[in-house]
Amino acid sequence: MSLTYNPRRGFGGNNDKVDYTAEKDFLFKLNNIIQTNKIVQVQESNGRQFIASTNMKKVYLNFNKMKKLSADNYFEFLMYVKGFNYHEMSHILYTKYGSDIRFDIKNALNMLEDQRIDRMFSMKYDKSKSYFRLLYLKYILREGLKPEVYPLLYGRRAIIGKP
């Protein structure tokens, strides 16, 4: 149980500063069980643009954005935290291209790479599929089904499953 969770009022108020130390410690231990070649740190990235990212040594998670997405529902918050963490761990385990690629090409390549690595990770860690499904159905589709999200979902159809 997290130190930030209060069953009577959720976790943290809208104006409260939430301490995510328990979540970061849990993810640090989990990540270093999943892979053992190097130590992977977990850091808050509440000032960053992206909700989650990695530099292949650290996983950066924007806990405040995830808290907002979950509407202060702690269970849903943990689903986002673990889902985004698993996705970034997938990059650490399976992504092999360098950072010297032009941004526009890297962005397109990353879209394809995300589908490949999520599939590889979920094949090895079957329980991760439910976390990935939440990300796809609640995060990618948060603004509805638009033409630009179709390529993001089509490559992930094996994880999403049949409707």
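Residues numbered from 1 in each chain as written. Predicted model: local features only at pLDDT ≥ 70, side-chain atom pairs only at ≥ 80, totals over all residues. Heavy atoms only, no water.

A. How the structure looks around the packing of aromatic side chains. Considering all chains together, one arrives at eleven aromatic pairs under this definition. For the pair Tyr 20 and Phe 63, a centre-to-centre distance of 4.7 Å together with 20° between the ring planes defines the contact as stacked. Of the two residues, Tyr 20 sits in the segment before α1 (21-34) while Phe 63 sits in helix α2 (residues 63-69), which places them 43 residues apart along the sequence. Exposure remark for Phe 63: the relative accessible area of 0% places this residue in the buried category. (Phe/Tyr/Trp six-rings, centres within 6.5 Å; stacked < 30°, edge-to-face > 60°. Helix = DSSP H or I, 4+ residues; strand = E, 2+ residues; numbered from the N terminus. Buried < 20%, exposed > 50% of the residue type's maximum accessible area, 1.4 Å probe, protein only.)

B. Broad picture of α1. With 14 residues, α1 ought to run about 20 Å at 1.5 Å a step, and its terminal C-alpha atoms sit 20 Å apart, in line with that. When we look at burial in α1, the residues that qualify are Glu 23, Leu 27, Leu 30, Asn 31, Asn 32 and Ile 34. Buried positions along α1 lie against β1 (41-44), β3 (58-61), α2, α3 (74-94) and α4 (103-124). (Expected span 1.5 Å × (residues − 1). Contact = heavy atoms within 4.5 Å.)

C. Focus on the layout of surface pockets. Estimated volume of the largest pocket: approximately 1,300 Å³. As for the largest pocket, its lining consists of 37 residues, and the residues nearest its centre are Phe 50, Ala 52, Asn 107, Asn 110 and Asp 114. Those elements that place two or more of their residues in the lining of the largest pocket are β2 (52-54), α2, α3, α4 and α5 (128-140). The biggest single contributor to the lining of the largest pocket is α4, with seven residues. Split into classes, the residues belonging to the lining of the largest pocket amount to 17 nonpolar, eleven polar and nine charged. (1 Å grid on protein atoms, 1.4 Å probe; cavity = no way out; pocket = protein on both sides within 12 Å on 5 of 7 lines; lining within 4 Å. Points joined across faces, edges and corners; volume = space filled by probe spheres on them. Nonpolar A, V, L, I, M, F, W, Y, C, P; charged D, E, K, R; others polar.)

D. Representation of α4. With 22 residues, α4 extends 30 Å from end C-alpha to end C-alpha; this agrees with the ideal 32 Å at 1.5 Å per step. By the largest-angle criterion, Leu 112 marks the main kink of α4, which is about 25°. Residues of α4 that are buried: Glu 113, Asp 114, Gln 115, Ile 117, Asp 118, Phe 121 and Ser 122. Buried residues along α4 sit against α1, α3, α5, α6 (150-154) and α7 (157-160). (Bend = angle between axes of the 7 residues up to and from the residue.)

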